[in-house]
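These are the residues of each chain, in order.
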Amino acid sequence: MNGLSFSEICCLFCCPPCPSKIAAKLAFLPPEPTYSVTTHEDGNFSLHLTERAEWQFSQNELDNIEVFKTKSKQGNNICCMYVKTSPSARFTLLFSHGNAVDLGQMSSFYIGLGQRINCNILSYDYSGYGESSGSPSEGNLYADIEAAWQAARLKYNLSPESIVLYGQSIGTVPTIDLASKFECAAVILHSPLTSGMRVAFPDTKRTWCCDAFPSIEKVSKIVSPVLVIHGTEDEVIDFSHGLAIYERCPRKVDPLWVEGAGHNDVELYGQYLERLKKFLQQEIVN
């Protein structure tokens, strides 16, 4: 695609340009919920997974998953999942998942990942996903992760030095936004995007006022150590996005470029877990 003028880009989306509409067109695909949450009289919640969640573990592991809801600054009730895999874990990952999945579908992955890297995992569903109320938008995305961050701090008394922010795909957008405002133990950016416009129009060289998800403009404000992971054959978010994000990080560590990996299979490569373990166990200095 040849380079587009500013007016041509605006006409493609809306007039006047509206970042939230661009975001909706490019990013949000909430699936049919794969879980439900029951509220009990004592204020606690219980998790029920459907067959579509494809749960891979026993009831014992399921019992180690705690669900709760917290309200965002936008007024939405955000469903959160706390996966306790290791009582002695040094770190908890605040995990922002990718698009077109919800907490039910991610639950087995969280159990397996937490066990293998010796971390607990706190995750949440974006507004309009799973059991979270509201509708997806860029503004809600930022409010959603901040609500989860505050829950980690207040509900579980986790210090910033024990929280690692992990964002995957669209989840790197709220992760970068939060990390640019709060210092934490570290940040992991898995298949990050530089901005919405650059995904839709690869020839875009600058950040326009109508651009959604302008992560490339925020990443330089992150003061925590950052590990960038990207597949070299990513068919959804081009590898060039990971390179650009990596170059802007002030405290970057050696990245993980997974040769031959696409957008949805990086986790299947052996070096993925090896790199995470090295980062978490050797490279993070509080």
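Residues numbered from 1 in each chain as written. Predicted model: local features only at pLDDT ≥ 70, side-chain atom pairs only at ≥ 80, totals over all residues. Heavy atoms only, no water.

Basically, it comes down to this: UniProt positions are given in the numbering used here, feature names are shortened, and annotations may be inferred rather than shown by experiment.
Per an unreviewed UniProt entry, the chain is named palmitoyl-protein hydrolase, and its organism is Paramuricea clavata. Per UniProt, the chain has the following entry under Sequence similarities (unreviewed entry): "Belongs to the AB hydrolase superfamily. ABHD17 family." Among the UniProt annotations of the chain, the heading Catalytic activity (unreviewed entry) holds the following wording: "S-hexadecanoyl-L-cysteinyl-[protein] + H2O = L-cysteinyl-[protein] + hexadecanoate + H(+)".

Observations regarding the layout of surface pockets
The gaps of empty space that remain are located by a probe, the size of a water molecule, rolled over the atoms. Applied cut-off: A 1.4 Å probe that fits but cannot get out identifies a cavity on a 1 Å grid over protein atoms alone, an open set with protein on both sides within 12 Å along at least five of seven lines counts as a pocket, and a residue lines either if it has an atom within 4 Å of a point. Grid points are joined across faces, edges and corners, and a volume is the space filled by probe spheres set on the points. Elements are defined by DSSP. Helices are runs of H or I of four residues or more, strands are runs of E of two residues or more, and each kind is numbered from the N terminus. Polar here means any residue outside two lists: the nonpolar Ala, Val, Leu, Ile, Met, Phe, Trp, Tyr, Cys and Pro, and the charged Asp, Glu, Lys and Arg; Gly therefore counts as polar.
Looking at the largest pocket, its volume works out to about 960 Å³. The wall of the largest pocket is formed by 36 residues, among which Val101, Met106, Gln168, Asn264 and Glu267 lie closest to the centre. Taken together, the elements giving at least two residues each to the lining of the largest pocket come down to α2 (19-26), α4 (103-117), α7 (196-200) and α9 (270-283). Of the residues that constitute the lining of the largest pocket, the class distribution is 20 nonpolar, eleven polar and five charged. Reported here for the second largest pocket is a volume of approximately 260 Å³. Considering the residues around the second largest pocket, the lining is formed by 14 residues, among which Thr194, Arg198, Pro202, Ser240 and His241 are closest to the centre. Among the elements of the structure, α7 and α8 (239-248) are those that each provide at least two residues to the lining of the second largest pocket. With four residues, the top contributor of residues to the lining of the second largest pocket is α8. Taken together, the residues of the lining of the second largest pocket break down into six nonpolar, four polar and four charged.

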